[in-house]
Amino acid sequence: MKKITVLGAGIMGHGAAQLFAQAGKNVSIRARRETSLEKAQELITNSFEVMVEKEMLTETEMEQALARITYTTDLLEAIRDTDFILESIPEVLEQKLDTYEIIEGEVSDKTIISSNTSTFPLKELTQRAKHPERFIITHFFNPPQLVPIVEIVKTEQTAENVVNTTYDLMKEIGKSPVVLNKEITGFIVNRVQVAMLREAFHLIEEGVATAEDIDIAMKGSMGFKWAFCGPMESQDLAGLETTQAMVGNIMKDLSNTRDVPSFLSEMVENDQHGIRTNQGFYNYDDHGEKAIHTRDDHFLDLLKLQKRKE
Ligand SMILES: NC(=O)C1=CN([C@@H]2O[C@H](COP(=O)(O)OP(=O)(O)OC[C@H]3O[C@@H](n4cnc5c(N)ncnc54)[C@H](O)[C@@H]3O)[C@@H](O)[C@H]2O)C=CC1
Ligand SMILES: O=C(O)[C@@H](O)C(=O)[C@H](O)[C@@H](O)CO
C-alpha cells in the first residue's frame, strides 16, 4: 500500500490524511474547494506542531510527513494509481453513492474503497456498486490521527483479502482495529454513544442538569475510567449483583424516545453548529482553535500513557 487517497478534507479527512502521511504513506487529499484544502493544510500543520511540541515527532519527521501529502480539487487526479481510498465526505447517502459510482469506473480492480461513515451499513453503501467485494467500512474517531480505535465493518460480500489487507493497513498506521462480527447501523461505538446521548439530552430537556454539568460529571467518572477499564470490565469490578440492581432500577425510567430532540434541531437551524459557527453547547471566538489545541494536547498525554502501559 503506497498511495492512499482521502476524499473530503473536513473534520475527519484532514486528520486521516495526516495519519497516513505520518505512517510513511503518500497521500492525496481531495476537496471540492481550494479553501477547504487550505484549511486542511493549516489544521494538519497545527496538529503536527503540537506533536513536535510534545516531543512525539521531530521537526524533520513533521516536514517529511507534510511533504507526502498532495492537495487537489481534481477527483480523478486524487484517485489515479491509488491503492486505498478513504471516503470521508458528508454523511449523506446519495452523495456517497454518486462518488462511488465515479471512482469505481476509474480505479484498478485491486483498489480498496473504504468509507468513514459514522452510521450507514455497508449494504446501503454498496447498493449501486459494480464490485461490492472491494468495499469496506473503516470508521475512525475524531481526531483520527490520535484516537486509537478503528471499527472495520464488512458484509458477507466483502472479499476476505480486502478485510485482511485493510486490517493490516490499520495496524501498520498504528491503529487498533476492531472487526465487527456482523454489520449494524452505527456499529459498536456510535450505538452506545447515541444511547448515552439520548439520555443526556433527556436530562437537559427535563432540567436535571446543564450541558456543562453533564460534561463535568461524565469526564470525571466514565471518561476517567473507560480509557483503561471498559464498561463491561467495570461491572465485574463493581459486582454483577449491583449491576443487576442498577440496571433494573434505572432502565425502566430512561428515555425511550426515537426522535431527535427538538432543542437540538433548533440549535442546528439557528446556526449553532459547534466550532464551525462558533456556537454550540459552548461559545467560541476562534472556530475551536484553542479547544482543539487543548484537546489534542491532553489526548497526546493519554496516548503516551497508554503506550507506556502496553
Ligand atoms: N465529525 C466526526 O466527528 C466524525 C465524522 N465521521 C464521518 O466522516 C465523514 C466526514 O465527516 P466530517 O469530516 O465530519 O465532515 P465535514 O463536513 O467536516 O467534511 C466533509 C468534507 O467533504 C467535502 N465534500 C462534500 N461533498 C463532497 C463530495 N461530493 N466529494 C468530495 N468532497 C466533498 C466537504 O467540502 C468537506 O471538506 C462522514 O461520513 C461522517 O459521518 C466519522 C467519525 C467522526
Ligand atoms: O466520536 C466520534 O468520532 C464518532 O463517534 C463519530 O462517528 C461521530 O460522528 C461523532 O463524532 C458525532 O458525535
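Criteria and cut-off values
Residues numbered from 1 in each chain as written. Chains lettered and ligands numbered in written order. Predicted model: local features only at pLDDT ≥ 70, side-chain atom pairs only at ≥ 80, totals over all residues. Heavy atoms only, no water. Near = heavy atom within 4 Å. Polar contact = N/O pair within 3.5 Å; in protein donor to acceptor, adjacent residues only side chain to side chain. Areas by Shrake-Rupley, 256 points an atom, 1.4 Å probe, with all protein chains shown as cover. Nonpolar A, V, L, I, M, F, W, Y, C, P; charged D, E, K, R; others polar. Pairing = 2+ DSSP bridges. Helix = DSSP H or I, 4+ residues; strand = E, 2+ residues; numbered from the N terminus. Axes fitted to C-alpha atoms, helices over the stretch in contact; angles between N-to-C directions. Contact = heavy atoms within 4.5 Å. pLDDT = per-residue confidence, 0-100. Parallel < 35°, antiparallel > 145°, perpendicular 65-115°, else oblique. Left-handed = near helix turned anticlockwise from the far one by under 90°. UniProt positions renumbered as here; feature names shortened; annotations may be inferred. Buried < 20%, exposed > 50% of the residue type's maximum accessible area, 1.4 Å probe, protein only. Phe/Tyr/Trp six-rings, centres within 6.5 Å; stacked < 30°, edge-to-face > 60°.

Here we take up the site of ligand 1. Neighbouring residues of ligand 1: 20 residues in total, closest Met12, Glu91, Lys96, Ser118 and Arg276. Contacts to ligand 1 include serine 118, whose side-chain N or O atom sits 2.7 Å from an oxygen atom. For ligand 1, whose free accessible area comes to 830 Å², the fraction covered by protein is 82%. In terms of residue class, the shell around ligand 1 is built from six nonpolar, nine polar and five charged.

Moving on, we come to the sheet that holds strand 7 (residues 149–153). Picture the strands of a sheet paired through backbone hydrogen bonds; they go either parallel or antiparallel. With mixed pairing, the eight strands of this open sheet are ordered in space as 3-2-1-4-5-6-7-8. Taken across any chain shown, the strands that pair with only one partner, and hence form the sheet edges, are strand 3 (69–72) and strand 8 (176–179). The sheet shows a mean angle of 25° between the axes of neighbouring strands, taken without regard to direction. Of the pairings in the sheet, the one linking strand 1 (residues 3–7) to strand 4 (residues 84–87) comprises four bridges and is parallel in character. By the bridge assignment, leucine 7 is partnered in strand 4 with glutamate 87. Together, strand 1, strand 2 (26–30), strand 3 and strand 4 form the strand contacts of helix 1 (residues 11–22), whose direction differs from that of strand 2 by roughly 170°.

Our next topic: the site of ligand 2. In the vicinity of ligand 2, the contacting residues are Ser118, His139, Phe141, Asn142, Asn190 and Gln193. In this structure, an oxygen atom belonging to ligand 2 sits 2.8 Å away from a main-chain N or O atom of asparagine 142. Glutamine 193 places a side-chain nitrogen or oxygen 3.0 Å from an oxygen atom of ligand 2. Here ligand 2 loses 60% of its free accessible area of 330 Å² to cover by the protein chains. Here the shell around ligand 2 is composed, by residue class, of one nonpolar, five polar and no charged.

Attention shifts here to the confidence of the model for the protein chain. Summarising the model, the protein chain shows a mean pLDDT of 97, and 100% of its residues fall at 70 or more. Reported for the predicted complex are a pTM of 0.96 and an ipTM of 0.96.

At a closest axis distance of 10 Å, the pairing of helix 2 (residues 34–53) and helix 13 (residues 289–309) adopts a crossing angle of 40°. Relative to helix 13, helix 2 is oriented oblique. The element helix 2 and its partner helix 13 pack so that their crossing is right-handed. Contact with helix 2, carried on its side by Glu42, Ser47, Val50, Met51 and Glu53, involves Glu289, His293, Asp296, Asp297 and Leu300 of helix 13 and no other residues of that element.

In this section: the UniProt feature "domain: 3-hydroxyacyl-CoA dehydrogenase NAD binding" (unreviewed entry) in the protein chain. UniProt annotation of "domain: 3-hydroxyacyl-CoA dehydrogenase NAD binding" (unreviewed entry) refers to residues 3–182 when read in the numbering used here. Between the C-alpha atoms that bound residues 3–182 there is a distance of 29 Å. The span itself is 42% helix and 20% strand.

Within the secondary structure, isoleucine 292 sits in helix 13. Residue classification places isoleucine 292 among the partly exposed positions, given a relative accessible area of 26%. Through-space distance from the C-alpha of isoleucine 292 to that of asparagine 46 is 9.8 Å; in sequence the pair is 246 residues apart.

What follows deals with the packing of aromatic side chains. Under the definition given, this model contains five aromatic pairs. Taking 6.4 Å as the distance between ring centres and 75° as the angle between the ring planes, the aromatic pair formed by phenylalanine 20 and phenylalanine 140 counts as edge-to-face. Here phenylalanine 20, found in helix 1, pairs with phenylalanine 140, found in the loop between strand 6 (135–139) and strand 7; they are 120 residues apart in sequence, far enough to count as distant. Both residues of the pair, phenylalanine 20 and phenylalanine 140, belong to the buried class. Relative to phenylalanine 263, the ring of phenylalanine 201 lies with its centre 5.6 Å away and its plane at 85°, an arrangement referred to as edge-to-face.

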